[in-house]
Amino acid sequence: MSAKKKVDVITMGCSKNLCDSERLLSQLSRAGYDVEHNPRNVNGDIVVINTCGFIGDAKEESIEMIFDVLSLKKKKKVEKVFVMGCLSQRYLNDLKEEIPEVDGWFGKFDWDGITKTLNADIPEIICHPYERILTGPSHYAYLKISEGCNRKCAFCAIPLITGPHQSRRKEDLLDEVKGLVDKGVKEFNVIAQDLSSYGLDLYRHQALPELIDSMSQIAGVEWIRLHYAYPAQFPEELLDVMASRDNVCKYLDIALQHVSDKVLSNMRRHITGNETVELIEKIRKKVPDIHFRTTLMVGFPGEGEKEFDELLDFVGKTKFERMGAFAYCEEEDTFAAQNFQDCISEEVKQERLERLLDLQEGISLEVHKSKIGKSFNTIIDREEDDFYVGRTQWDSPEVDPEVLIKKDRALKTGDFYNVTVTSVQPFELYGVVND
């Protein structure tokens, strides 16, 4: 490469995509490119857009981003535009035909295709195969422990995009954690499409408990937080690890989707409502301080008023500390699209969604009020004009409530402080640092 060119990498979608972008940034940097992630002003010689293809809104946002960047190319503000990720993995041939202005289309994992197209000569330097350039604050990172999914839920297109579940080797993951600790990472948000299945393909058993236990013993690992467990065949040995290891956050992101037996059956979730309730009770008994984050869906085929009322009653009684929800949107080629009629109107879906979220807002406020006057270990993420912004062990970056700390004294980003909660909102807490 005769002159050092700049590559802007833009990431759409989830934290799993972010890990992929961070790997690509590292590869391109090693090849001699000047790289930037999610620039405020796109002005790279080359732009790579890492797309999301999960649901309709995400696909539309990815398409809009492609056209926005292509308009810059037309104005000669960028030279080349490449597209990778979930959207191009799923719709590669159609996109090539419909948007020929893009200079190169690549699948979700086609790292070599991108680097070869850029004539990027990556030096043969001994390094971890999952080396990344972290794009967020240096004190936390996401750790993707597997790809794909074998569950084949009726509504979900993920297996069509990413293929079957593939675990990463435990040894490689622990090496990556040690390398990230050396770079200053203290908090690890463990992610996968299905944490519960980790290890089944490699070790013939659910190996998540032993992976997390081994991670917790690495010096410098202050927090480990778990995202996207699957409720059916949940690895219950994990609860012993969570209860016994202080640096394993008492936090579990487990997408339940629904509680009605009829809807769960239609969704192909392989669990009943009673089994769901029993699992939650067992987890809370073994890990008393745990905070759940879950995701629920309204408007799936088969959800009548009776089934929706079951869901409302379930949420009201269970009182999830963290909850997100969305309305069902039919995805082509999924089991649901091929076998059910999407006959619930958008108006009804939205009305149910609003009722569910309103209920959760009140629960969130109730949960937060119980924290007033109590002190919690809090990590500082950033400094703003009026506040330092931090999180407790029960708050994952970007999706969960934050702790706003008045700037009475200087605090250091990435450090932990003992903070007393003084007042709350449904999705925010306010506190002061204890002397």
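Below is a short write-up of the structure. Along each chain, residue indices are assigned from 1 in the same order as the chain's sequence is written. Side-chain atom pairs in this predicted model are given and counted only at pLDDT of 80 or more, local residue features only at pLDDT of at least 70, and totals for whole chains, interfaces and linings cover all residues. Only hydrogens and water are removed before side-chain values are computed, so all heavy atoms of the structure are retained for them.

### Points about the pairing of strand E9 (residues 187–191)
Thinking step 1. For E9, the tally of buried residues reaches five of five residues, placing the bulk of the element in the interior.
Thinking step 2. Any two strands with at least two DSSP-identified bridges between them are counted as paired. By the criteria applied, helices consist of DSSP H or I runs no shorter than four residues and strands consist of E runs no shorter than two, each listed in order from the N terminus. Bridge count for E9 against strand E10 (residues 223–229) is four bridges, and the pairing is parallel. The partner of Glu 187 across the bridge, within E10, is Trp 223. Accessible area is worked out with a 1.4 Å probe on protein chains only. A residue is then buried under 20% of its type maximum, exposed over 50%, and partly exposed in between.

### A closer look at the environment of Gly 85
Thinking step 1. Tracing the chain through its elements places Gly 85 in strand E4 (residues 80–85).
Thinking step 2. Should any heavy atoms of two residues lie within 4.5 Å, those residues are considered in contact. In this structure, Gly 85 is in contact with Asn 50, Thr 51, Phe 106, Gly 107 and Lys 108, ignoring residues within four places of it in sequence.

### A word on empty space enclosed by the protein
Thinking step 1. Using protein atoms alone on a 1 Å grid, points that fit a 1.4 Å probe yet trap it form a cavity, whereas open point sets bounded by protein on both sides within 12 Å along at least five of seven lines form a pocket; residues with an atom within 4 Å of a point count as lining. Grid points are joined across faces, edges and corners, and a volume is the space filled by probe spheres set on the points. A full pass over the atoms with the stated rule returns two cavities of 30 Å³ or more.
Thinking step 2. Each pocket or cavity is described by its volume, and for the largest cavity that value is around 70 Å³.
Thinking step 3. Around the largest cavity sit Cys 19, Asp 20, Arg 23, Tyr 130, Arg 132, Lys 144, Glu 147, Arg 168 and Glu 176, which together line it.
Thinking step 4. The dominant element in the lining of the largest cavity, judged by the number of residues it contributes, is helix H1 (residues 15–30), at three residues.

### Digging into the environment of Glu 303
Thinking step 1. Relative to the helices and strands, Glu 303 is located in the loop between strand E12 (291–298) and helix H12 (305–318).
Thinking step 2. Residues Glu 303 and Lys 349, spaced 46 residues apart in sequence, show a C-alpha to C-alpha distance of 10.0 Å.
Thinking step 3. Non-local contacts of Glu 303, meaning those with residues more than four positions away in its chain, are made with His 258, Val 263, Met 297, Val 298, Phe 308, Leu 311, Ile 344 and Arg 352.
Thinking step 4. Here a polar contact is recorded for every N or O atom pair within 3.5 Å, except that within protein the pair must consist of a potential hydrogen donor and a potential acceptor, and residues adjacent in sequence are included only if both atoms are side-chain atoms. Separated by 2.7 Å, the side chain of Glu 303 and the backbone nitrogen of Gly 299 make a polar contact.

### Section: the sheet that holds E12
Thinking step 1. Read across the open sheet, the six strands follow the order E6-E9-E10-E11-E12-E13; overall the sheet is parallel. Looking along the sheet, the strands with just one partner apiece sit at the ends: strand E6 (140–144) and strand E13 (322–327). Averaged over all pairs of adjacent strands, the angle between their axes in this sheet comes to 15 degrees, without regard to strand direction.
Thinking step 2. Where E10 lies against strand E11 (residues 248–254), three bridges are found, and the strand directions are parallel. The partner of Ala 229 across the bridge, within E11, is Ile 254.
Thinking step 3. Of the strands in this sheet, E12 and E13 are in contact with H12, which crosses E12 at around 165 degrees.
Thinking step 4. Simply put, an axis is a line fit to the C-alpha atoms, just over the touching stretch for a helix, and the angle between two N-to-C directions goes from 0 to 180 degrees. Where helix H14 (residues 346–369) meets the sheet, its contacts fall on E12 and E13, and the angle it forms with E13 comes to roughly 175 degrees.

### As for the nonpolar core
Side chains of a nonpolar character, in soluble globular proteins, are inclined to be buried together.
Thinking step 1. One finds Ile 145, Val 190, Ile 212, Met 215, Leu 226, Phe 234 and Leu 252 to be the most contacted residues of the largest nonpolar core, which totals 54 residues.
Thinking step 2. Grouped together as the second largest cluster of nonpolar side chains are 19 residues, Ile 10, Ile 49, Leu 87 and Tyr 91 included. We define the nonpolar core as a collection of buried residues of types Ala, Val, Leu, Ile, Met, Phe, Trp, Tyr and Cys that are connected through side-chain atoms lying within 4.5 Å of one another.

### A closer look at the packing of aromatic side chains
How two aromatic rings sit relative to each other is given by the distance of their centres and the angle of their planes.
Thinking step 1. Classification of ring pairs uses Phe, Tyr and Trp, with its six-membered ring standing for Trp, and accepts pairs whose centres are within 6.5 Å; under 30 degrees between planes counts as stacked, over 60 as edge-to-face, and the remaining range as tilted. This model, assessed by the stated rule, comprises eleven aromatic pairs.
Thinking step 2. Between Phe 300 and Tyr 328 the ring centres are 4.9 Å apart and the planes differ by 75 degrees, which places this aromatic pair in the edge-to-face class. Highlighted residues: Phe 300 in the loop between E12 and H12 and Tyr 328 in the loop between E13 and helix H13 (335–339), separated in sequence by 28 residues. For the pair Phe 300 and Tyr 328, one class covers both residues: buried.
Thinking step 3. By the ring-pair criterion, three or more aromatic residues cluster together here, those being Phe 155, Phe 300, Tyr 328, Phe 335 and Phe 340.
Thinking step 4. As a reminder, the over-ring test applies to NZ of lysine and CZ of arginine, requiring each to be within 6 Å of the ring centre and within 35 degrees of the ring normal. The residue whose ring lies beneath Lys 16 is Tyr 228, and the NZ or CZ to ring-centre distance is 4.5 Å.
Thinking step 5. In this structure, Arg 225 is placed above the aromatic ring of Tyr 251, and the distance from its NZ or CZ to the ring centre is 5.5 Å.

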